[in-house]
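Chain and residue survey
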Amino acid sequence: MAKAKTVYRCTECGAEFPKWAGRCESCDAWNTLGEEMVSNAPTSKRTAARSVPGIAAATVALGRVTAADTPRWTTQLNEFDFVLGGGLVPGSMVLVGGEPGIGKSTLLLQVAARLETAGLATLYVSGEESALQVRLRADRLGEDASSVALLTETSLETILATASQPTPDGRRFSVLIVDSIQTVHTELLEGAPGNVGQVRECAARLMRFAKDTGTAVFVIGHVTKGGGIAGPKTLEHIVDTVLYFEGDGTLDHRVLRATKNRFGSVDEIGVFRMVGTGLIPVENPSALFLGDRRDVASGSAVCALMEGTRPVLVEVQALAARAGFGTPQRVANGIDARRLALLLAVLDKRGGFSCAQLDVFCNIVGGMRVQEPSVDLAIVAAIASSVVDKPLPAQAIFLGEVGLGGEVRPVSQVERRLAEAAKLGMTRAYLSDRAIPRRVPGDITLVGVRTLADVLQKTVGKDAT
């Protein structure tokens, strides 16, 4: 018997190689090459198949295409609908990723129950759990999931055939939920479920099924150690929407973030509280993240972030303590550690606060992960406050990007950030003097600053030295 031919494919970029290597030559990622079976068909047959000429198709002028507003299906979970862009679009494919135990299956089972209650026939496919396990979760959630069709299957052909059949009451399945894509396999390819070829082919066929039938498809994806969805990066390019579940497993709230959305804004977030009966939407995330901020200690500052189109207030905590070892520690939770090192250098050079002999710990309260530079001013203010052990103004927010020269730069959408701060009782805002709006929302005093030295002198009372 002839030996089956295999190739090694990168799980990050999808590049193929004839033999294994520790590093992918295409994307420079380490330990990402996985062995994959390929077709045993002779080369001549494959070459002949590729040389078959295609059939020309009719074209249409773009101006003659009629645009119609596609009605969206609401799931009655307001935060989930908000992240999707206003609801679920028929014929779309949504990929939901997250760490194990974060709540992906719980959320989609709640969505399935509510869509079924709204009259949309839903098929829930479980490839990892038995029917009894899914039933026990549904009973714990308290949702009326008795009418949801359940299928425990991993064969893609069986799943698509079942989803194409009408329900016992004559309805067509409107929603298909696959838990998870790494357990599904197709008979057209060799290899175990979860490898690069199986994941990519199954996702592509599910996408074609969604577009051809108008069925909305949800797919759950596992997350790698690096935080990305397992499988090739092309998996995220195939689907319409990519949602990531974030949050610390020790906390009772979760953050659902849209990193790609063809039907709405990206970087929108929805906040949920994990309770015994499932995930409960949090209508005011800012109040949740600032709810435990009572007696303000040194090293605490508040910043207003823009998560998509929604302003969210978060607390930045910093602690500077005498180093117990020769090399001081730099610990960042929720922000990039390199960004923290950069801000410490600016604070030392431009602000006169040396942390060379201090351990510095910085944390974004609530498990949030911050990417935008508008949090820079809050970080340096919190660190300076901890160094001199003097609290910052309790009802103040800090908005601004800090440059290498110590200048405070303006941030975008200042009015919306200030309006959210005023709504939660903030009375003062430190921001770049070039970013002060003409109309001040609410009863809030704006303090314009130009440099980092101005902020430190007005908050902790120390001039740059």
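Residues numbered from 1 in each chain as written. Predicted model: local features only at pLDDT ≥ 70, side-chain atom pairs only at ≥ 80, totals over all residues. Heavy atoms only, no water.

**Details of helix α4 (residues 131-141)**
Along α4, the residues classified as buried are V134, R137, A138 and L141. One side of α4 holds all its buried residues, which, seen down the axis, span an arc of 100°. Opposite the buried face of α4, at more than 90 degrees from it, the exposed residues are L132, R135 and L136. Of the surrounding secondary structure, the elements contacted by the buried residues of α4 are α3 (104-117), β5 (122-126), β6 (149-151) and β12 (278-281). (Buried < 20%, exposed > 50% of the residue type's maximum accessible area, 1.4 Å probe, protein only. Helix = DSSP H or I, 4+ residues; strand = E, 2+ residues; numbered from the N terminus. Arc of directions from axis to C-beta. Contact = heavy atoms within 4.5 Å.)

**Regarding the sheet that holds β12**
The pairing of strands in a sheet happens through backbone hydrogen bonds and is either parallel or antiparallel. With respect to topology, 9 strands assemble into an open sheet ordered β6-β5-β7-β8-β4-β9-β10-β11-β12, the strand pairing being mixed. Of all the strands in the sheet, just β6 and β12 have a single pairing partner and so form its edges. Here the strands of the sheet are splayed against their neighbours by 25° on average, with no regard to which way each runs. In the sheet, β5 pairs with β6 via 3 bridges, with the strands oriented parallel. Within the sheet, the bridge partner assigned to V125 lies in β6 and is L151. Here helix α5 (residues 156-164) sits on the sheet in contact with β5, β6 and β7 (175-179), set at roughly 165° to β5. Across the sheet, helix α6 (residues 196-213) lies against β4 (93-98), β7 and β8 (216-221), angled at about 160° from β8, the strand it touches most. (Pairing = 2+ DSSP bridges. Axes fitted to C-alpha atoms, helices over the stretch in contact; angles between N-to-C directions.)

**What about the packing of aromatic side chains?**
Taken as a whole and judged by the stated rule, the model has 3 aromatic pairs. Relative to F272, the ring of F245 has its centre 6.4 Å away and its plane inclined at 75°; by these criteria the two rings are edge-to-face. Within this pair, whereas F245 is found in strand β9 (residues 241-246), its partner F272 is found in strand β11 (residues 269-275), the two being separated by 27 residues in sequence. Residue classification places F245 among the buried residues on the basis of a relative accessible area of 5%. Residue F272 is classed as buried on the basis of its relative accessible area of 0%. With a centroid separation of 5.0 Å and 10° between ring planes, the pair formed by F398 and Y430 is classed as stacked. With a gap of 32 residues between them, F398 in strand β17 (residues 396-399) and Y430 in strand β20 (residues 428-432) connect regions that are remote in the sequence. Y430 shares its class with F398; the two are buried. (Phe/Tyr/Trp six-rings, centres within 6.5 Å; stacked < 30°, edge-to-face > 60°.)

**Brief notes about the pairing of strand β13 (residues 300-307)**
Two faces belong to every sheet, and in a regular strand the side chains alternate between them. Counting buried positions over the 8 residues of β13 gives 8, a clear majority of the element. Burial of β13 is two-sided: the residues S300, V302, A304 and M306 facing one way and the residues A301, C303, L305 and E307 facing the other way are all buried. Where β13 and strand β14 (residues 310-322) come together, 8 bridges link them in antiparallel fashion. Paired with A304 across the two strands is L313, which belongs to β14. Remark: 2 residues form the turn of the hairpin made by β13 and β14, two consecutive strands paired antiparallel; G308 in that turn has positive phi of roughly 75°.

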